[in-house]
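Observations on chain architecture
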Amino acid sequence: MSSTSSAILKSLGAGAALVLIASCGGSGDSASNEQTGGPVDAAAQEIADTRHEAMEDIGGAFKTIRDQMNAGSPDMDAVRTAAAFIEEQSTQVGDWFPPETSPVLGVDTEALATIWEQPEEFASAVERFETAAAALNTAAQSGDADSLASAVQGIGGACKNCHDSFRVDD
Ligand code: HEC
């Protein structure tokens, strides 16, 4: 009897953890550390929240570029500013994932544990992003429409490449 109810509690716990992982930027205060059973490290949660916001800023900058390219007369200043921002952020993304921010520790994040389980694959996804972001910025500063179009495709592939393996599906 007691072993049955503890199995039910465990499965409820797993369901609650999935819900928390799927939510974005929540406070996560009802989560608990699955490894220690203790509370989630508040500093780690803050790092995860900050990187989530930084990713949203990258998403906003990328949207600016795509919107301008679809506009009749693109605002190239806006494109250049956004591309420079993405390149600058791309050199920092590799530092945004300290191991204490893994969801296995109860941190509320859309980052998958595979980041820490497959560090070399993650590092190469970061590297692909850095390369694509540098190419994007070079193309944006040059203002050449064809190279910009192909650089936008390249960066879109680099975002997707990382999200496919290392971020919760939306
Ligand atoms: C090296 C891996 C990696 C790369 C490259 C990357 N992302 Fe992300 N992204 C993530 C991870 C992991 C998260 C989840 C972060 C969290 O919740 O802690 C995320 C979250 C996001 C989010 C917020 C969640 C959402 O779905 O609203 C947006 C927006 C986003 N990324 C956009 C982009 C865009 C646009 C690019 C490319 C210009 C990009 N990302 C490149 C790994 C990456």
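Look a little higher up for the structure.
Notes on the structure follow. Residue indices begin from 1 for each chain and proceed along its sequence in written order. Totals for whole chains, interfaces and linings use every residue, but because this is a predicted model, local features are given only for residues with pLDDT of at least 70 and side-chain atom pairs only at 80 or more, for both listing and counting. Hydrogens and water are ignored here; the side-chain numbers use all heavy atoms of the structure.

1. Here's the deal with helix α6 (residues 145-166)
Put simply, DSSP H or I for four residues or longer makes a helix, DSSP E for two residues or longer makes a strand, and each gets a number counted from the N terminus. Helices are assigned an expected span. That span is 1.5 Å times one less than the residue count. Between the first and last C-alpha of α6 there are 32 Å, a value that for 22 residues agrees with the 32 Å anticipated at 1.5 Å per step. Three labels apply to residues, based on accessible area from a 1.4 Å probe with only protein chains included: buried if under 20% of the type maximum, exposed if over 50%, partly exposed otherwise in between. Taken as a whole, α6 has its buried residues at Leu 148, Ala 151, Val 152, Ile 155, Ala 158, Cys 159, Cys 162 and Phe 166. Buried residues in α6, looked at end-on, bunch into an arc of 125 degrees, giving them a common side. Turned more than 90 degrees from where α6 packs its buried face, Asp 146, Gln 153, Lys 160 and Asp 164 sit exposed. Arc definition: directions from the helix axis to the C-beta atoms.

2. Brief notes about the coordination of the iron atom of the ligand
Around the iron atom of the ligand, the protein contributes the donor atoms Met 55 (SD) and His 163 (NE2), at 2.1 to 2.5 Å from the metal centre. Classification of the site at the iron atom of the ligand as octahedral follows from its six donor atoms and the range of 86 to 180 degrees in their angles at the metal. Of the two residues, Met 55 sits in helix α2 (residues 42-70) while His 163 sits in helix α6, which places them 108 residues apart along the sequence. The class of Met 55 is partly exposed, set by a relative accessible area of 30%. Listed donor atoms are N, O and S within 2.8 Å of the metal (Na, K and Ca: 3.2 Å). As water is not included, a site may look incomplete. Only two sets of limits are used to name each site, 85 to 135 degrees for every angle of a tetrahedral four-donor site, and over 155 degrees for opposite donors with all other angles from 65 to 115 for a square planar four-donor or octahedral six-donor site, with any other site named irregular.

3. Some remarks on the packing of aromatic side chains
Side-chain rings of Phe, Tyr and Trp, where Trp is taken by its six-membered ring, are said to pair if the distance between their centres is within 6.5 Å; with planes under 30 degrees apart they count as stacked, over 60 as edge-to-face, and otherwise as tilted. Scanning the entire structure with this criterion turns up three aromatic pairs. Ring plane angle 75 degrees and centroid distance 5.1 Å describe the contact between Phe 97 and Phe 122, whose orientation is recorded as edge-to-face. Taken together, the residues span a long stretch of sequence, with Phe 97 in the loop between α3 (76-90) and α4 (114-117) and Phe 122 in helix α5 (residues 119-142) at a distance of 25 residues. Each member of the pair, Phe 97 together with Phe 122, is buried. Geometrically, the ring pair formed by Phe 122 and Phe 166 is edge-to-face, given 5.1 Å between the ring centres and 80 degrees between the ring planes. Of the two residues, Phe 122 is situated in helix α5 and Phe 166 in helix α6; the sequence distance between them amounts to 44 residues. The exposure class of Phe 166 is buried, given its relative accessible area of 5%. Pairwise contacts between aromatic rings join Phe 97, Trp 116, Phe 122 and Phe 166 into one cluster. Throughout this description, the term charge over a ring refers to an Arg CZ or Lys NZ atom that lies within 6 Å of the ring centre and within 35 degrees of the ring normal. Positioned above the aromatic ring of Phe 62, the side-chain terminus of Arg 66 is 4.6 Å from the ring centre.

Purely geometric stuff here, so don't read any function into it on its own.
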